[in-house]
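# Overview (structure and organization)
Given next are the chains, with one letter for each unit.
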Amino acid sequence: MRGVRAPAVLLGGGLQGPFLRGAEEGGQSPSVQTRGFWGAVACGLWGDTEFSACSQAALLLSLLWMPALLPVASRLLSLPRALTAMASGSPPAQPSPAADSGYVPGSVSAAFVTCPNEKVAKEIARAVVEKRLAACVNLIPQITSIYEWKGKIEEDSEVLMMIKTPSSLVPALTDFVRSVHPYEVAEVISLPVEQGNSPYLRWVRQVTEAASDPSTVPP
């Protein structure tokens, strides 16, 4: 019967078994060995006489579908890890800094200080850079601050200072700003820099290195 076939065994990407032996005895080409799994499927569906054309079509389809299936397979393989992380409540792993960058995440900070006007902001900015308590200060003018002070809601126009400095110098920077700032309670807050342009972060540390030696800090 045409619909019944003996089992075939795939060896080395080819088709082996009673079907191949029958083909050899009938004088057919044994090149069926190289037609692989899809050729075997095509043979089972369309019969011996149509095997060559069907196997070639199946091979072409498999080659066309393979690039589209690879990304799907990769995502399916990564799914168990993502589900495990979600179940445990742990955040996804963050990429580590490049080994050759030499930057330790959080070793540089961006400190923020608000000032009543541009004149005061420039004076404080120049002083912290001269004392090497910071490598760079950016002034952002005309910000609007709304806050509660002594039981009243206040609204003021201020200048924001963004100060780049090593994290180890934030306490000294805070003390200096408090000593010269006109506000009764000066705003000085800082955020660690986790990553960035390595040459720039290295420059921030190099410029402020002398601040660790009091004899080299300008008065």
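Coordinates for the structure precede this section.
These numbers were taken from a predicted model, which means no experiment stands behind them.

## Focus on the nonpolar core
The biggest cluster of nonpolar side chains holds 18 residues, and the ones touching the most others in it are C115, I124, V128, V137, M161, I163 and L173. The set of elements that each furnish at least two residues to this core consists of β3 (108-115), α4 (118-130), β5 (152-166) and α5 (170-180). Take this core: its biggest share by element is 6 residues, from α4. Counting 5 residues, the second largest nonpolar core, distinct from the first, contains Y103, V108, A135 and V204.

## Description of the pattern of salt bridges
Using the criterion set out here, one finds 3 salt bridges in the structure. Ionic pairing is found between E118 and K122, a salt bridge with its closest N-O pair at 3.3 Å. Of this pair, E118 and K122 both sit in helix α4, 4 residues apart, which is roughly one turn of that helix. The salt bridge partner of K119 is E123, with a shortest N-O separation of 2.8 Å. Of the two residues, K119 and E123 both sit in helix α4, 4 residues apart, roughly one turn of that helix. On the basis of relative accessibility, which here comes to 46%, the residue E123 falls in the partly exposed class.

## So, unusual backbone geometry
Despite not being glycine, R132 has its phi angle at roughly 60 degrees, a positive value. With respect to the secondary-structure elements, R132 resides in the loop between α4 and β4 (136-149). The phi torsion at Q142 lies on the positive side, around 55 degrees, for a residue other than glycine. Tracing the sequence through the fold places Q142 in strand β4. Looking at Q142, the relative accessible area reads 71%, which means it is exposed.

## Focus on α4
The end-to-end C-alpha distance of α4, which contains 13 residues, comes to 18 Å, matching closely the 18 Å that a straight helix rising 1.5 Å per residue would cover. For α4, the full list of buried residues reads V120, A121, I124, A125, A127 and V128. On an axial view of α4, the arc spanned by its buried residues comes to 165 degrees, and they lie on one face. Residues of α4 that are exposed and point more than 90 degrees away from the buried face comprise K119 and R126. Contacts made by the buried residues of α4 are with β3, β4, β5 and α5. For α4, the N-terminal cap is N117; the gap from its side-chain oxygen to the backbone nitrogen of K119 is 3.2 Å. Once α4 ends, the next one or two residues include R132, with phi positive near 60 degrees.

## Quick notes on the sheet that holds β3
Spatial ordering of the open sheet is given by β4-β5-β3-β6, a layout of 4 strands whose pairing is antiparallel. Only two strands of the sheet have a single partner each, and these edge strands are β4 and β6 (188-193). Between one strand axis and the next, the sheet turns by 30 degrees as a mean value, whatever way the strands run. Note: β3 against β6, 6 bridges, orientation antiparallel. Across the sheet, residue F112 finds its bridge partner in β6, namely I189. With respect to the sheet, α4 is in contact with β3, β4 and β5, its orientation differing from that of β4 by roughly 130 degrees. In this fold helix α6 (residues 198-208) packs onto β3, β4, β5 and β6, with an angle of close to 90 degrees to the strand it touches most, β5.

## Observations regarding the side chain of E158
Mapped onto the elements, E158 comes out in strand β5. Despite being buried, E158 has no salt bridge partner; K150 is the closest side chain of opposite charge, sitting 15 Å away. For E158, the residues in contact, after removing those within four places along its chain, are T114, C115, P116, I140, P141, Q142, I143, S145 and Y183.

Parameters and conventions
Residues numbered from 1 in each chain as written. Predicted model: local features only at pLDDT ≥ 70, side-chain atom pairs only at ≥ 80, totals over all residues. Heavy atoms only, no water. Core = buried A, V, L, I, M, F, W, Y, C linked by side-chain atoms within 4.5 Å. Buried < 20%, exposed > 50% of the residue type's maximum accessible area, 1.4 Å probe, protein only. Helix = DSSP H or I, 4+ residues; strand = E, 2+ residues; numbered from the N terminus. Salt bridge = Lys/Arg side-chain N within 4 Å of Asp/Glu carboxyl O. Expected span 1.5 Å × (residues − 1). Arc of directions from axis to C-beta. Contact = heavy atoms within 4.5 Å. Polar contact = N/O pair within 3.5 Å; in protein donor to acceptor, adjacent residues only side chain to side chain. Pairing = 2+ DSSP bridges. Axes fitted to C-alpha atoms, helices over the stretch in contact; angles between N-to-C directions. Lys, Arg positive; Asp, Glu negative; His and termini not counted.

That's the geometry; what it means functionally is another story.
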